[in-house]
There are 2 protein chains.
Amino acid sequence: MKKVNIKALAKELNLSPATVSKALRDSHEISAATKQRVLEVAKQLNYAPNAYASSLRDRRSRNIAVIIPEVADSFFSIAINGIEAAIEEKDYHVLIYLTHELYAREQAILKDFKSGRVDGVLISVSRETTDGSHISELIAEDVPVVFFDRVLENVEAPKVVTDDFNSGYTGAMHLLDNGCRHIAFLGISNSLSISNNRMAGYQQALKDHHLTVSPDDMITCTPDTAANFTAIKQLLAKENRPDGIVASVENLTNTVYQVCNELQLSIPQDIKVVCFSNLDIAAILHPPLTTITQPAFQIGKAAAELLLKSLGKKDAPSPATQIVIPSELIIRGSSKRS
Amino acid sequence: MKKVNIKALAKELNLSPATVSKALRDSHEISAATKQRVLEVAKQLNYAPNAYASSLRDRRSRNIAVIIPEVADSFFSIAINGIEAAIEEKDYHVLIYLTHELYAREQAILKDFKSGRVDGVLISVSRETTDGSHISELIAEDVPVVFFDRVLENVEAPKVVTDDFNSGYTGAMHLLDNGCRHIAFLGISNSLSISNNRMAGYQQALKDHHLTVSPDDMITCTPDTAANFTAIKQLLAKENRPDGIVASVENLTNTVYQVCNELQLSIPQDIKVVCFSNLDIAAILHPPLTTITQPAFQIGKAAAELLLKSLGKKDAPSPATQIVIPSELIIRGSSKRS
DNA sequence: GTGAAAGCGCTAACAG
DNA sequence: CTGTTAGCGCTTTCAC
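Description of the structure in this document. Here the structure is a predicted model, which is why all the values come from computation and not from measurement.

1. Remarks on the protein's contact with DNA strand D
Argument step 1. Residues in contact with DNA strand D amount to 23 residues; listed here are only the nearest, Asn 5, Ile 6 and Ala 18 of chain A together with Ala 18 and Glu 29 of chain B.
Argument step 2. Put simply, the parts of the chain that give the surface near DNA strand D at least two residues each are α2 (17-24) and α4 (51-58) of chain A together with α2 (17-24) and α4 (51-58) of chain B.
Argument step 3. When residues of the surface near DNA strand D are assigned to their parent elements, the largest contribution, five residues, is made by α2 of chain A.
Argument step 4. Of the residues belonging to the surface near DNA strand D, the class tally is 11 nonpolar, eight polar and four charged.

2. A closer look at the sheet that holds strand β12 (residues 328-330) of chain A
All names here are of chain A.
Argument step 1. Spatially, the six strands line up as an open sheet ordered β7-β6-β8-β9-β10-β12, and their pairing is mixed. A single partner strand is all that each edge strand has here, and the edge strands are β7 (218-220) and β12. Averaged over all pairs of adjacent strands, the angle between strand axes in this sheet comes to 15°, irrespective of strand direction.
Argument step 2. Sheet analysis places strand β10 (residues 290-293) next to β12, joined by three bridges and oriented antiparallel. By the bridge assignment, Ile 292 is partnered in β12 with Leu 329.

3. Focus on the sheet that holds strand β12 (residues 328-330) of chain B
Residue and element names in this part refer to chain B.
Argument step 1. Strands sit in the order β7-β6-β8-β9-β10-β12 across an open sheet of six strands; the sheet is mixed. Two strands lie at the open edges of the sheet, namely β7 (218-220) and β12, each paired on one side alone. This sheet shows a mean twist of 15° between the axes of neighbouring strands, independent of strand direction.
Argument step 2. Note that strand β8 (residues 244-247) and strand β9 (residues 272-276) share four bridges and pair parallel.

4. Some details on the protein's contact with DNA strand C
Argument step 1. Around DNA strand C, the surrounding shell holds 21 residues, and the nearest of these are Ser 16 and Ala 18 of chain A together with Asn 5, Ile 6 and Ala 53 of chain B.
Argument step 2. Among the elements of the structure, α2 and α4 of chain A together with α2 and α4 of chain B are those that each provide at least two residues to the surface near DNA strand C.
Argument step 3. When the residues that make up the surface near DNA strand C are grouped by side-chain class, the tally is 10 nonpolar, eight polar and three charged.

5. Let's talk about the packing of α2 of chain B against helix α3 (residues 32-45) of chain B
Residues and elements named next belong to chain B.
Argument step 1. Orientation of α2 relative to α3, taken along the N-to-C sense of each, is 95°, at an axis distance of 9 Å. Considering the angle they form, α2 stands roughly perpendicular to α3. Counted together, Val 20, Ala 23 and Leu 24 of α2 and Thr 34, Lys 35, Val 38 and Ala 42 of α3 form the full contact between these two elements.
Argument step 2. Class assignment of the residues belonging to the contact of α2 with α3 gives a composition of five nonpolar, one polar and one charged.

6. A closer look at the pairing of β10 of chain A
All names here are of chain A.
Argument step 1. Neither face of β10 is open: one carries Thr 290 and Ile 292, the other Thr 291 and Thr 293, and all of them are buried.
Argument step 2. Sheet topology places strand β9 (residues 272-276) next to β10; three bridges connect them, and they run parallel. Looking at β10, one finds that Phe 276 is bridged to Ile 292.

7. Regarding the pairing of strand β5 (residues 159-162) of chain A
Residues and elements named next belong to chain A.
Argument step 1. A two-sided burial pattern is seen for β5, the buried positions comprising Lys 159 and Val 161 on one face and Val 160 and Thr 162 on the other.
Argument step 2. Taken together, the two bridges between strand β4 (residues 145-148) and β5 define a ladder with parallel strand orientation. Across the sheet, residue Phe 147 finds its bridge partner in β5, namely Lys 159.

8. Details of the environment of Cys 275 of chain B
Residue and element names in this part refer to chain B.
Argument step 1. Mapped onto the elements, Cys 275 comes out in strand β9.
Argument step 2. With 28 C-beta atoms counted inside 10 Å, the residue Cys 275 sits in the buried group.
Argument step 3. For the pair Cys 275 and Thr 290, spaced 15 residues apart in sequence, the C-alpha to C-alpha distance is 6.5 Å.
Argument step 4. The residues touching Cys 275, leaving out its near neighbours within four places in the chain, are Ala 247, Glu 250, Leu 252, Thr 253, Leu 289 and Thr 291.

9. Describing the interface of chain B and chain A
By a widely used convention, the size of an interface equals the accessible area lost when the partners come together.
Argument step 1. Across the contact, 40 residues belong to chain B and 41 residues belong to chain A.
Argument step 2. Within the residue set of the side of chain B that touches chain A, elements represented by two or more residues are α4, α5 (74-87), β2 (93-98) and α11 (253-263) of chain B.
Argument step 3. Residue contributions to the side of chain B that touches chain A peak at six residues, all from α5 of chain B.

10. Focus: the relation of the copies chain B and chain A
Argument step 1. When chain B is fitted to chain A, the best match, at an RMSD of 0.1 Å, comes from turning it 180° and sliding it 0.0 Å along the axis. This pairing of chains is accounted for by a two-fold axis.

The rules behind the values
Numbers given to residues run from 1 along each chain, matching the order in which its sequence is written. The order in which chains are written sets their letters, starting at A; the order in which ligands are written sets their numbers, starting at 1. With pLDDT at 70 or above as the cut-off, local features in this predicted model cover only qualifying residues; side-chain atom pairs require 80 or more to be listed or tallied, and sums for whole chains, interfaces and linings still use all residues. Placing the C-beta atom from the backbone, one calls a residue near a molecule or strand if that atom lies within 6 Å of it. Secondary structure counts use DSSP, requiring at least four H or I residues in a row for a helix and at least two E residues in a row for a strand, with both numbered from the N terminus. For this classification, Asp, Glu, Lys and Arg are treated as charged, while Ala, Val, Leu, Ile, Met, Phe, Trp, Tyr, Cys and Pro are nonpolar and the rest, including Gly, are polar. Strand pairing requires that DSSP identify at least two bridges connecting the strands. Geometry is summarised by axes, namely lines fitted to C-alpha atoms with helices restricted to the contacting stretch, and by angles between N-to-C directions that run from 0 to 180 degrees. An angle below 35 degrees is treated as roughly parallel, one above 145 as roughly antiparallel, one from 65 to 115 as roughly perpendicular, and anything else as oblique. Residues are defined as contacting one another if the C-beta atoms placed from their backbone atoms lie within 7 Å. Around each residue's C-beta, the other C-beta atoms within 10 Å are counted; 20 or more make the residue buried, 12 or fewer make it exposed, and counts in between make it partly exposed. All C-beta atoms are placed from the backbone. Copies are brought into register by a least-squares superposition over C-alpha atoms of residues with pLDDT of at least 70 in both.

Next up, the structure:
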């Protein structure tokens, strides 16, 4: 089947391309009869307007980029569902980019967006990202950016997050209420606001219980699972080991459980665990995992909606917009009072 | 910052756009000195060539589409990693589309690709998909398509799959070897080749053990978790209930475990379970889950490589190409001999 | 109500 | 080695 463009279609109809174009876009200056005829023949010839020819004229591609550290992670994959839900009907298309937690990769990806490949960007930054100049530059070139979850607080762009401080506080408080007196915190970055805010909440909970916060109990994990295993094992093998753990991201669950297994520490008798996680199978872990579950879908959806508004040019959200959607503590066996 | 195009850049340099274009693409007809100068000023003015203007000329967007039923699923999200790994260096970009297991949605998505939005398509079809005409049509329009995992056998396009028959056989055989005599199979479709092939393998294993295959023991699950729960519960509540289950997709794990929990059937004493799954936390479930783990990353990567070859126009893979990458049975507690 | 012409930004063919 | 021209496919003035 030959690819048929508007010129070919026009020739078939004995009309000019201009007329055909107008008919297809239901312009009022075209007679109903002609429109009818055009539509019919277009369908018959299987005509599909070239998306990027229109893009070139309109200066917009109807593509948006979603930049995330990793897709094999419930939070991000569910967030994608939310993004897709917001975008679906609007005839936008979603390009996914993975940074694999690398700042260099994030930079490289964003640099490419100056080319007009996408009309806007949704981003959750890598663990390594501290400096936001690559993002500011993009904004300076009039490419709208909306942050979700992992935001850069000093970059002026709308943000959608969960209540990280409260979540960290609630998680730690829950363990304290269930009898823990020595709680460790597993972070993922020293710079990322989500990690820091969650940690600050954890610290506040300790303080509210008049417990001292020890730097030794706060580990910064990396994307390297083996290294995390070693670090956590070291922490839990100590004489004076913690009796509770707040893990700030989903993919630490496996490691924490494995370490406990290896050290023959039973959860929750020897140590209680709360983990930030969106895994629906948390309930069938051994033991079932108490989670702080983020509204991943809603975060993705809200972020996409903000971006769509930014693209609309009218009633664009202020760069100071910040939407906070609370997380939920779901209590299960891993934090049960002994 | 104003958007600078090649014309503006040329004016700045006192050169013609053509010369600038050639210099930027490192043409041999341009002097080293000029190239140098162009590159410098380009960087200084922050020039980025418009991606879709080039697309329009080259008749290719360097975008490819990945169509999957669902992204919040380890198999698919890991497969995306594989796709991305293959595509990364090649300067292609990945558009993700989710069908949510709906045929109508799959059709609508594909229809849109006649517009040239993407240069090629990687697809894993929905559960509902039986007819491949929407895909054939696209191929007829010269948009290369490569199937991965969930293929349509009667559509002529390269395919990358795992050895579904063997996997089903191995899974069932493993349960039989561990003492099961009445095994149920949870499928996801009556038409999908992966489901049918896995089921055929399961049936063959039963036959090899001189056991009868009963239709009552083969359930077709849907995307509706609550409905699956009811159906599986009904199956396991029967007087003559199965003593083993082979579940053909990852997201049935939760339901199976929950049903057993509700019915107070203990795994593996009362019933043994094997599930197709790529979840890395299978090991910390209660009990640890025996899985048939698919080479998700490799499947994604291989499929993307085939598609890239198809895009290259030279040494395009034959439509009959079929790559089979074996899955792996990982034995854990859920199938342990009592 | 319809058509001719120009241009979105880029590049290949061809001249000079 | 550099510049002119034309055209990728579409749409939007502006004529008619």
